[in-house]
Amino acid sequence: MESLNKNGVSVCQAGEEKYVYFNLMPRLRKKSRYCQYDYRTPEGELFSTVAPTLEICRERRDEWLNSKNKAQ
């Protein structure tokens, strides 16, 4: 499986998004596929989340960015 971090630190560069899908409990026959998502702003601030789909991860990122913009 591809990793989004090296030695516990995100490898996501400024202005980029990275994601990888993984199975939460691969031994169970039940589907449990999730997306791990990292986004780093151009200023270098990191947003990270886990959700069932990439679309949900991006929605959370957009909400986070909107809340940051309102606070400024």
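Here the structure is shown first, and the text comes after it.
About the thresholds
- Residues numbered from 1 in each chain as written.
- Predicted model: local features only at pLDDT ≥ 70, side-chain atom pairs only at ≥ 80, totals over all residues.
- Heavy atoms only, no water.
- Helix = DSSP H or I, 4+ residues; strand = E, 2+ residues; numbered from the N terminus.
- Expected span 1.5 Å × (residues − 1).
- Buried < 20%, exposed > 50% of the residue type's maximum accessible area, 1.4 Å probe, protein only.
- Arc of directions from axis to C-beta.
- Lys, Arg positive; Asp, Glu negative; His and termini not counted.
- Salt bridge = Lys/Arg side-chain N within 4 Å of Asp/Glu carboxyl O.
- Polar contact = N/O pair within 3.5 Å; in protein donor to acceptor, adjacent residues only side chain to side chain.
- Contact = heavy atoms within 4.5 Å.
- Phe/Tyr/Trp six-rings, centres within 6.5 Å; stacked < 30°, edge-to-face > 60°.
- Lys NZ or Arg CZ within 6 Å of the ring centre and 35° of its normal.

> Can you help me understand helix 1 (residues 54-71) in this one?
Side chains three or four residues apart in an α-helix point the same way, a direct result of the helix having 3.6 residues per turn. For helix 1, with 18 residues, the first-to-last C-alpha span of 26 Å sits near the 26 Å given by 1.5 Å per residue. Taken together, the buried positions of helix 1 are occupied by Leu-54, Cys-57, Arg-61 and Trp-64. The buried residues of helix 1 occupy an angular sector of 85° when projected down its axis, which confines them to one face. Away from its buried face, by an angle of more than 90 degrees, helix 1 presents the exposed residues Glu-55, Glu-63, Asn-69 and Lys-70.

> I tried to follow the side chain of Arg-40 on my own but got confused; where do I start?
Of note, Arg-40 is situated in strand 4 (residues 33-40). No salt bridge is formed by the buried Arg-40. Its closest oppositely charged neighbour is Asp-38, at 6.5 Å. At 2.7 Å, the side chain of Arg-40 forms a polar contact with the backbone oxygen of Cys-12. The residues contacting Arg-40, other than those within four sequence positions of it, are Ser-10, Cys-12, Gln-13, Ala-14, Gly-15, Glu-16, Glu-45 and Leu-46.

> Looking at this model, I keep getting lost on the packing of aromatic side chains. Mind explaining?
When we look at a pair of aromatic rings, we describe it by the centre distance and by the angle of the planes. Evaluated as defined, the whole model comprises 3 aromatic pairs. Across from the ring centre of Tyr-21, 3.9 Å away, lies the NZ or CZ of Arg-33, which sits over that ring. If you follow Arg-61 out to its NZ or CZ, it ends over the ring of Tyr-39, 5.5 Å from the centre.

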